[in-house]
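# Descriptive structure summary
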Amino acid sequence: MDEMRARITKDGIRIYEDADFVGMRIAGRSAAEILDAVAPLVVPGITTAELDDFITAEIARRGVTSATIGYKGYKHASCISVNHVVCHGIPGAKVLADGDILNIDVTVIVDGWFGDTSRMYVAGALARKSERLIEVTHEGLMRGIAAVKPGNTFGDIGHAIQSYVESQRMSVVRDFCGHGLGRVFHAPPNVLHYGRAGFGPVLEEGMFFTIEPMVNLGRPETKVLSDDWTAVTRDKSLSAQFEHSVGVTATGCEIFTASPAGKFHPTWG
């Protein structure tokens, strides 16, 4: 689409055309396939650096581009957030132990389009409290996605997530949010995972954005460590996150980052 002729809403949100859905499907599928491929490697004893090395090689093998390597000085092809790390965990020497839960977040660029997705994994046996956290977080994401259709608002998305998560006695992180994307990594709008129904910008066909709720077993407060990337829960409670990239259609939305292998949830498959 001609960037000079692209329509922008009064809230600064770009409206894409029907043909642009094709590019997002390809980019989203590529990112999802990479997360499918890494799943068998998530076992006790592996380091997060080894997982990132595999992802880096997989990106190169596919001939696509990592959106995160070089982004604001970041040096890795993924963010890997373990246990009480909320998001933006830096791959390194951390060795996964039995029962660890982790989010792996990957963004790739394919022909100028950004595919951004993350999902939860489990190393070894899954503890019941971790399983419940993962289930609630995934359900929160899907309830947010179910609220995406023309005429609804971004507040409807946040309200659907928040009301469900809090009914399960867990908390939604306020410090991070979803975002617009397409031919850029981050763009308006900010997609909050909490909010009031009926408030915020109105959803229109052709909007592209991520929904990526972070849910804590304890309180919602976070802090960023001295590396300026890693965000953790202040009370050291477990945290989980799932993320899809979606596009608003005439009747609802399309998920660009669905798992081709059906592995989006760690207990599936």
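Everything below is about the structure printed above this text.
Residues numbered from 1 in each chain as written. Predicted model: local features only at pLDDT ≥ 70, side-chain atom pairs only at ≥ 80, totals over all residues. Heavy atoms only, no water.

## What to know about the overall build of the chain
For the chain, the helix and strand inventory stands at four helices and 17 strands. Radius of gyration (C-alpha) of the chain: 17 Å, near the 18 Å computed for a compact globule of 269 residues. The principal-axis extent of the C-alpha atoms belonging to the chain is close to 50 × 45 × 40 Å. In the chain, 70% of the contacts between residues at least 6 apart in sequence involve partners at least 24 apart. Considering the chain, the positive charge centre built from 26 side chains and the negative charge centre built from 32 side chains are found 5 Å apart. (Helix = DSSP H or I, 4+ residues; strand = E, 2+ residues; numbered from the N terminus. Rg over C-alpha atoms; globule rule 2.2 N^0.38 Å. Contact = heavy atoms within 4.5 Å. Lys, Arg positive; Asp, Glu negative; His and termini not counted. Charge placed at Lys NZ, Arg CZ, Asp CG, Glu CD.)

## As for the layout of surface pockets
Size it by volume and the largest pocket reaches roughly 490 Å³. Y71, H88, H179, F185 and H186 are, among the 24 residues lining the largest pocket, the residues nearest its centre. Among the secondary structure elements, those contributing two or more residues to the lining of the largest pocket are β6 (101–110), β9 (178–180) and β10 (187–191). Of the residues contributing to the lining of the largest pocket, the split by class is ten nonpolar, eight polar and six charged. (1 Å grid on protein atoms, 1.4 Å probe; cavity = no way out; pocket = protein on both sides within 12 Å on 5 of 7 lines; lining within 4 Å. Points joined across faces, edges and corners; volume = space filled by probe spheres on them. Nonpolar A, V, L, I, M, F, W, Y, C, P; charged D, E, K, R; others polar.)

## Topic: the sheet that holds strand β15 (residues 239–241)
Within a beta sheet, neighbouring strands are joined by backbone hydrogen bonds and run either parallel or antiparallel to one another. The sheet built from three strands is open, its strands ordered β8-β12-β15 with antiparallel pairing. Taken across any chain shown, the strands that pair with only one partner, and hence form the sheet edges, are β8 (171–172) and β15. Bridging between β8 and strand β12 (residues 214–216) involves two bridges; their strand directions are antiparallel. Bridged to S171 within β12 is N216. (Pairing = 2+ DSSP bridges.)

## A word on the pairing of strand β16 (residues 244–248)
Both faces of the sheet carry side chains from a regular strand, because those side chains alternate between them. In terms of burial, β16 is largely enclosed, as five of its five residues are buried. A two-sided burial pattern is seen for β16, the buried positions comprising H244, V246 and V248 on one face and S245 and G247 on the other. For strand β11 (residues 208–211) and β16, the ladder comprises four bridges, and the chain directions are antiparallel. Residue pairing in the sheet places T210 in a bridge with S245 of β16. In this sheet, strand β17 (residues 253–255) lies alongside β16 in antiparallel orientation, the contact comprising three bridges. Its bridge partner being in β17, V246 is matched across the sheet by I255. Counting the residues in the hairpin turn of β16 and β17 gives four residues. (Buried < 20%, exposed > 50% of the residue type's maximum accessible area, 1.4 Å probe, protein only.)

## Considerations on the packing of helix α3 (residues 128–146) against helix α4 (residues 154–167)
Where α3 contacts α4, the axes come no closer than 8 Å and their chain directions differ by 150 degrees. Classified by the angle their axes make, α3 and α4 are roughly antiparallel. The element α3 and its partner α4 pack so that their crossing is right-handed. Of the residues in α4, those touching α3 at V136, E139, G140, R143 and G144 are I157, A160, I161, Y164 and V165. (Axes fitted to C-alpha atoms, helices over the stretch in contact; angles between N-to-C directions. Parallel < 35°, antiparallel > 145°, perpendicular 65-115°, else oblique. Left-handed = near helix turned anticlockwise from the far one by under 90°.)

## Considerations on the packing of helix α1 (residues 20–38) against helix α2 (residues 48–62)
Between α1 and α2, the shortest axis-to-axis distance is 10 Å and the interhelical angle comes to 135 degrees. Viewed along their axes, α1 and α2 adopt a mutual orientation that is oblique. Viewed along their axes, α1 and α2 form a crossing whose handedness is right-handed. Together, S30, E33, I34, A37 and V38 of α1 and L51, F54, I55, E58, I59 and R62 of α2 make up the contact between the two elements. The residue makeup of the contact of α1 with α2, split by class, is seven nonpolar, one polar and three charged.

## Structural notes on the environment of K236
Its place among the elements puts K236 in the loop between β14 (231–233) and β15. Residues K236 and S130, spaced 106 residues apart in sequence, show a C-alpha to C-alpha distance of 14 Å.

## Topic: the packing of aromatic side chains
Going through the model one piece at a time under the given rule, you end up with ten aromatic pairs. Judged by centre distance (4.9 Å) and plane angle (65 degrees), the rings of Y74 and W229 are edge-to-face. Here the residue Y74 occupies a position in the loop between β3 (65–66) and β4 (79–82), and W229 occupies one in the loop between β13 (222–224) and β14, the gap between them amounting to 155 residues. By relative accessible area, Y74 is classed as buried at 4%. (Phe/Tyr/Trp six-rings, centres within 6.5 Å; stacked < 30°, edge-to-face > 60°.)

Purely spatial values, then, with no claim about function.
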